[in-house]
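Per-entry structural report
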Amino acid sequence: DTSMAIARPYWKGYLKFSLVSCPIALYTGTSSSERVSFRQINKKTGNRLRQQLVDEITREPVEPEDKGRGYEYAKNAYVPVDDDELDAIAIESNHTIEIDSFVPRHQIDERYLESPYYIAPNDQVGQEAFAVIREAMRGKWMAALGRVVLAKRERVIMLEPWDKGLMGTTLRYPYEIRDTKEYFDDIPNVQLEPDMLKLAEHILQSKTTDFDPSQFVDHYEEAVVELLKKKQAGMPVSREPVAPQPQNVVNLMDALRRSIAQEKSASAPSKKGRKRIEGQSEMLLPIPGRKGKETMAKPAERPSARPKKAG
């Protein structure tokens, strides 16, 4: 696989499991390069804008080499901190992911999951140790928890077997998770009619399918691509925002019954989503990252090591 050779590790270090350790490379598991992106431009000249750092007090431009970081301990008073001072902070997780504990995967609250990373062995010498750590977890629905320093911040990272490697997912800290009470406490307790609930469950059953991310369609991005095609071709485009359709439900029971009738009359699943996705690449403007689409794994190649979500 040449993609691994091309990809640059985001972090290199060691994976440590009790007294066993092996060299590893950590790669970012997601990419935003497929998305349509915009640049800031000068509306008068059409030229691209360049951002410039300006001193807040003197209003003078600042050169890149004079840019630093500081901690504001009082209003407009900063303790300057250099990168090499931060890099010299000697904590183990700077260069080692040490497995602290193993927890049942279903116990990990989904709100804590942040960014996915792929972890692979980085040296022939450590291949066996890496495989031992990976296979000890496989099939047990357990996840390992360790710590790692990424972007000058220590994160808790969850490790799971994934195909021939490991997937690491950084976890948020408890203080980053908002309390639900603020949002849910005012929701009243509603007594539902059993018949109404049965109709809703029937609709749920009729829409039940397997998880297939290849069917995900970004309708907003499709509309943006169409807008860009029209503008490139010199065609007029609408500037009026689309008004949302009124969603007044007069009779909930009647709406549920009509929903079931609609589901029954619907034919086999439409293949429009697939066509739309393919159509995006026909756009006249070059969209960075589109070439990589051919290398995406087919559904049959997706790993089956993913633990089931708690029910």
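Presented here is a report on the structure given in the accompanying data block. What you see is a predicted model, and the numbers here were worked out from it, not measured in a lab.

**Description of the overall build of the chain**
Each helix and strand in the chain was counted, giving eight helices and nine strands. Within the chain, the fraction of its 311 residues that count as buried is 23%. Considering only contacts in the chain between residues 6 or more positions apart, those separated by 24 or more positions represent 66%. Just so you have it, the chain exposes about 24,800 Å², and 53% of that area is on carbon and sulfur atoms.

**Focus on the sheet that holds strand β7 (residues 142-150)**
Ordered by their spatial adjacency, seven strands build a closed barrel running β1-β2-β6-β9-β8-β7-β5, and the pairing between neighbours is mixed. Direction aside, neighbouring strands of the sheet carry axes that sit 40° apart on average. Looking at chain direction, β7 and strand β8 (residues 153-162) are connected through seven bridges and run antiparallel. Bridge pairing in β8 links Leu150 to Arg153. Along the sheet, helix α3 (residues 127-137) makes contact with β1 (11-17), β2 (20-28), β5 (96-104), β6 (113-121), β7, β8 and β9 (165-171), crossing β2 at roughly 80°.

**Digging into the packing of helix α5 (residues 194-206) against helix α7 (residues 252-265)**
Where α5 contacts α7, the two axes come as close as 10 Å, and the packing angle between them is 25°. When the axis of α5 is compared with that of α7, the two are roughly parallel. In this structure, α5 meets α7 at a crossing whose hand is left-handed. Here Asp195, Met196, Leu199, Ala200, His202, Ile203 and Ser206 of α5 lie close against α7, whose contacting residues are Leu252, Met253, Leu256, Arg257, Ser259, Ile260 and Glu263.

**Focus on α5**
Taking 1.5 Å as the rise per residue, α5 with 13 residues should run 18 Å; its terminal C-alpha atoms sit 19 Å apart, in good agreement. Turning to α5, the residues buried within the fold contact α7.

**Digging into the environment of Val237**
Structurally, the position occupied by Val237 is in the loop between α6 (219-232) and α7. Taking the relative accessible area as the measure of exposure, Val237 reaches 24% and is therefore partly exposed. Separated by ten residues in the primary sequence, Val237 and Leu227 place their C-alpha atoms 6.9 Å from one another.

**A short note on the packing of aromatic side chains**
For the structure shown, the criterion picks out four aromatic pairs. The interplanar angle of 70° and the centroid separation of 5.7 Å between the aromatic rings of Phe211 and Phe216 together place this pair among those described as edge-to-face. Across the pair, exposure class does not vary: Phe211 and Phe216 are exposed alike.

**A closer look at the pairing of β1**
Two elements, β1 and β2, share seven bridges in a ladder whose sense is antiparallel. Bridge pairing links Lys16 to Ser21 in β2. What sits between β1 and β2 in their antiparallel hairpin is a turn of two residues, with Ser18 showing a positive phi close to 60°. Of the pairings in the sheet, the one linking β1 to β5 comprises three bridges and is parallel in character. Its bridge partner lying in β5, Lys16 is registered against Glu98.

**Focus: the nonpolar core**
The biggest cluster of nonpolar side chains holds 19 residues, and the ones touching the most others in it are Leu15, Ile24, Leu26, Ile97, Ile119 and Leu159. Going through the elements one at a time, β1, β2, β5, β6, α3, β7 and β8 are the ones with two or more residues in this core. Take this core: its biggest share by element is four residues, from α3. Residues within four places of Leu26 in sequence aside, it is in contact with Pro9, Tyr10, Trp11, Ile97, Tyr117, Tyr118, Ile119, Leu150 and Ile157.

**Here's the deal with the pattern of salt bridges**
For the structure shown, the criterion picks out 15 salt bridges. The shortest N-O distance in the salt bridge between Glu176 and Arg153 comes to 3.6 Å. Of this pair, Glu176 sits in the loop between β9 and α4 (181-184) while Arg153 sits in strand β8, and the two are 23 residues apart along the sequence. For the salt bridge of Lys207 with Glu263, the shortest nitrogen-to-oxygen distance reads 2.9 Å. On the criterion of sequence distance, the pair formed by Lys207 in the loop between α5 and α6 and Glu263 in helix α7 is long-range, its members being 56 residues apart. On the basis of relative accessibility, which here comes to 53%, the residue Lys207 falls in the exposed class.

**Notes on α7**
When the terminal C-alpha atoms of α7 are compared, their 20 Å separation across 14 residues agrees well with the 20 Å that a helix rising 1.5 Å per residue should span. Packing partners of the buried residues in α7 comprise α5. For α7, the N-terminal cap is Asn251; the gap from its side-chain oxygen to the backbone nitrogen of Met253 is 3.0 Å.

**Side note on the pairing of strand β4 (residues 77-81)**
Taken together, the five bridges between strand β3 (residues 69-74) and β4 define a ladder with antiparallel strand orientation. When the sheet's bridge partners are listed, Tyr71 is paired in β4 with Val79. Counting the residues between successive antiparallel strands, the hairpin from β3 to β4 contains two residues, one of them, Asn76, with a positive phi of roughly 60°.

Rules of the game
Residues numbered from 1 in each chain as written. Predicted model: local features only at pLDDT ≥ 70, side-chain atom pairs only at ≥ 80, totals over all residues. Heavy atoms only, no water. Helix = DSSP H or I, 4+ residues; strand = E, 2+ residues; numbered from the N terminus. Buried < 20%, exposed > 50% of the residue type's maximum accessible area, 1.4 Å probe, protein only. Contact = heavy atoms within 4.5 Å. Areas by Shrake-Rupley, 256 points an atom, 1.4 Å probe, with all protein chains shown as cover. Pairing = 2+ DSSP bridges. Axes fitted to C-alpha atoms, helices over the stretch in contact; angles between N-to-C directions. Parallel < 35°, antiparallel > 145°, perpendicular 65-115°, else oblique. Left-handed = near helix turned anticlockwise from the far one by under 90°. Expected span 1.5 Å × (residues − 1). Phe/Tyr/Trp six-rings, centres within 6.5 Å; stacked < 30°, edge-to-face > 60°. Core = buried A, V, L, I, M, F, W, Y, C linked by side-chain atoms within 4.5 Å. Salt bridge = Lys/Arg side-chain N within 4 Å of Asp/Glu carboxyl O. Polar contact = N/O pair within 3.5 Å; in protein donor to acceptor, adjacent residues only side chain to side chain.

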